[in-house]
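Spelled out from the first residue to the last, the chains are:
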Amino acid sequence: MAQEHKVNAGILGIGMSVPDRVLTNEELERLVDTTDEWIFTRTGIRERRICGPDDTSASLGAAAAIKALESAGVAPEELDLIICGTATPDHPWPSTACLIQQRIGAFNAAAFDLSAACSGFTYGLATASGFIQNGSMKRILVIGVDTLTKQVDWSDRSTCILFGDGAGAAVLGPVGPDTGILSSTLGADGRGYDQIWLEAGANKAPVMISLIAEKRQCIKMKGSEVYKFAVKIMGEACLQSLEKVGLTSDDVDLFIPHQANIRIINAAAERMSLPTEKVFVNVQKYGNTSAASIPIAMTEALETGCIKKGDTLVIVGFGAGLTWGANVIRWSRD
Ligand code: UT7
């Protein structure tokens, strides 16, 4: 009898793209009643990137995708599917995934957007993993991209200091057993839909002058509620994901959490009893880039030698929805 050969999805290549324009805390001091000291001690952020006039989610996403394809040695026409995790599509429709497909010339790929806010990349990896494991697809591009600074209320000091723009992308393909994406844990709690949200701009509340006057087309957030939720859910989701494959925190070589706030990252790492040297942090450079933060952090972790073949990584995201997602990944390439 033929032995069943379980195929996993592995990350074959990864890349990132951020806009050139750096916005520092000092510049924000001139915009709202804040200080570099407050922002850095409460969030860990020193600066973030913001879109120039020509930057959009599609342009940043395509730039990250091209780098990921190069790093994977995969041609655009080999892609079977493009999944774009974004809360900031270029248009309500068509999907930003289709715009990226057009920009990179991946005309053999199906394409769709995935709306899970900051958890978009972790949701995307879990979704792509299913298609590869069931054998229906061989090459999938998963992108996490957001341009939230276009939706920020620049007079609201509690939110405008947090966000930055950027994109990260990964090319997935089949790898052997016990490597690649070992497990995923996804979750949502729609009861918290208004803890961080953008009310206007879609069909229930199309953008109108009256809504703009109330800034209802801008991000609104109950910061401390989101903070408490994040600290609890990040550790829980990671431990569940590890448990699914018989692992514990002791087996983790590198923890790459959503880069929203250094205090949230540290609290989550503490819940998982992880020492700081096993936690990757770059929130100081980019702020919260939403769906892009994890693939950007993974790209920088790889480029700085923090990830080696065979390492066990745990990534975890949380965000609007409320949503969360964690993946345990055994790194399968050099
Ligand atoms: O991807 C998910 C996205 N969201 C998040 O991850 C957000 C999660 N939440 C947070 O990161 C934190 O709640 C914040 C960084 C947003 C706020 O930090 P905090 O320690 O929870 O501060 P707070 O909201 O409790 O505010 C403390 C004080 C308040 O003043 P009073 O009422 O005590 O006088 C705020 O008005 O800090 C004030 N404050 C500021 N002061 C200077 C709020 N924002 C600022 C600011 N500069 N930028």
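In the block above lies the structure referred to throughout.
Calculation criteria
- Residues numbered from 1 in each chain as written.
- Predicted model: local features only at pLDDT ≥ 70, side-chain atom pairs only at ≥ 80, totals over all residues.
- Heavy atoms only, no water.
- Core = buried A, V, L, I, M, F, W, Y, C linked by side-chain atoms within 4.5 Å.
- Buried < 20%, exposed > 50% of the residue type's maximum accessible area, 1.4 Å probe, protein only.
- Helix = DSSP H or I, 4+ residues; strand = E, 2+ residues; numbered from the N terminus.
- Domains from an automatic or database assignment.
- Near = heavy atom within 4 Å.
- Polar contact = N/O pair within 3.5 Å; in protein donor to acceptor, adjacent residues only side chain to side chain.
- Areas by Shrake-Rupley, 256 points an atom, 1.4 Å probe, with all protein chains shown as cover.
- Nonpolar A, V, L, I, M, F, W, Y, C, P; charged D, E, K, R; others polar.
- Expected span 1.5 Å × (residues − 1).
- Axes fitted to C-alpha atoms, helices over the stretch in contact; angles between N-to-C directions.
- Parallel < 35°, antiparallel > 145°, perpendicular 65-115°, else oblique.
- Left-handed = near helix turned anticlockwise from the far one by under 90°.
- Contact = heavy atoms within 4.5 Å.
- 1 Å grid on protein atoms, 1.4 Å probe; cavity = no way out; pocket = protein on both sides within 12 Å on 5 of 7 lines; lining within 4 Å.
- Points joined across faces, edges and corners; volume = space filled by probe spheres on them.
- Pairing = 2+ DSSP bridges.

## Regarding the nonpolar core
Counting 44 residues, the largest nonpolar core has Phe255 and Phe318 as the members making the most contacts within it. For this core, the secondary structure elements donating two or more residues are helix H8 (223–244), helix H9 (262–271), strand E12 (312–319) and strand E13 (323–330). No other element matches the nine residues that H8 contributes to this core. Residue assignment places this core across two domains, with domain 1 (8–178) and domain 2 (182–330) each supplying three or more.

## Details of the site of the ligand
Thr34, Arg42, Arg157, Asn261 and Asn288 are the nearest of the 22 residues found near the ligand. At 2.7 Å from a nitrogen atom of the ligand is found a side-chain nitrogen or oxygen belonging to Thr34. Note that an oxygen atom of the ligand is positioned 3.0 Å from one of the side-chain N or O atoms of His258. A total of 950 Å² of accessible area belongs to the ligand in isolation, and the protein chains cover 71% of it. The set of elements that each furnish at least two residues to the shell around the ligand consists of helix H2 (36–43), helix H6 (157–160), H8 and H9. Ranked by residue count, the leading element in the shell around the ligand is H8, at four residues. Residues belonging to the shell around the ligand are distributed by class as follows: 10 nonpolar, eight polar and four charged.

## Quick notes on helix H5 (residues 120–133)
Helix length check: H5, at 14 residues, gives a terminal C-alpha distance of 20 Å against a target of 20 Å (1.5 Å per residue), a fit within 8%. When you tally the buried positions in H5, you get 10 out of 14 residues, the bulk of the element. Where H5 is concerned, the buried positions are Gly120, Phe121, Thr122, Tyr123, Gly124, Leu125, Ala126, Ala128, Ser129 and Ile132. Gly135 occupies a position one or two residues after H5 and carries a positive phi of about 85 degrees.

## Some points on the packing of helix H3 (residues 57–72) against helix H4 (residues 96–104)
It is at 9 Å that the axes of H3 and H4 come closest, and there the two elements cross at 55 degrees. Of the possible angle classes, the one that applies to H3 and H4 is oblique. Once H3 is placed against H4, the crossing between them reads as right-handed. Listed contacts from H4 to Ser57, Ala58, Ser59, Gly61, Ala62, Ala65, Ile66 and Leu69 of H3 are Thr96, Leu99, Ile100, Arg103 and Ile104. Of the residues in the contact of H3 with H4, the class split is eight nonpolar, four polar and one charged.

## What to know about the layout of surface pockets
Its boundaries defined by the atoms lining it, the largest pocket holds a volume of some 880 Å³. Lining the largest pocket are 34 residues, and of these Ala87, Thr88, Ser115, Gln151 and Leu198 lie nearest its centre. In terms of residue class, the lining of the largest pocket is built from 19 nonpolar, 11 polar and four charged. Two domains each donate at least three residues to the lining of the largest pocket, and these are domain 1 (8–178) and domain 2 (182–330). When its volume is computed, the second largest pocket comes out at roughly 540 Å³. Forming the boundary of the second largest pocket are 27 residues, of which Ser158, Leu162, Met221, Gly223 and Asn261 lie nearest the centre. Among the secondary structure elements, those contributing two or more residues to the lining of the second largest pocket are H2, H6, H8, H9 and E12. Residue composition of the lining of the second largest pocket, by class: 13 nonpolar, 10 polar and four charged.

## Considerations on the sheet that holds strand E11 (residues 254–257)
Two strands in a sheet stick together by hydrogen bonds in their backbones, pointing the same way (parallel) or opposite ways (antiparallel). Spatially, the four strands line up as an open sheet ordered E8-E13-E12-E11, and their pairing is mixed. The open sheet is flanked by strand E8 (180–188) and E11, the only strands paired with a single partner. Here the strands of the sheet are splayed against their neighbours by 10 degrees on average, with no regard to which way each runs. Strands E11, E12 and E13 of the sheet are contacted by helix H11 (residues 293–303), whose axis makes an angle of about 145 degrees with E11.

## Overview of the sheet that holds strand E5 (residues 110–114)
Pairing in this open sheet of five strands is mixed, and the strands run E1-E7-E6-E4-E5 from one edge to the other. Where the open sheet ends on each side, the last strands, each with one partner, are strand E1 (8–17) and E5. Strand-to-strand twist across the sheet, computed as the mean angle between neighbouring axes with direction ignored, equals 20 degrees. The pairing of strand E4 (residues 81–85) with strand E6 (residues 140–147) spans five bridges and is parallel. By the bridge assignment for E6, Leu81 is matched with Ile140.

## Focus: the packing of H8 against H9
Where H8 meets H9, the axes come as close as 9 Å, and the angle between the chain directions of the two elements is 40 degrees. For the element pair H8 / H9, the angle class is oblique. The chirality of how H8 crosses H9 is right-handed. Contact residues: Tyr227, Ala230, Val231, Lys232, Met234 and Leu239 in H8; Arg263, Ile264, Ala267, Ala268 and Arg271 in H9. By residue class, the composition of the contact of H8 with H9 is eight nonpolar, no polar and three charged.

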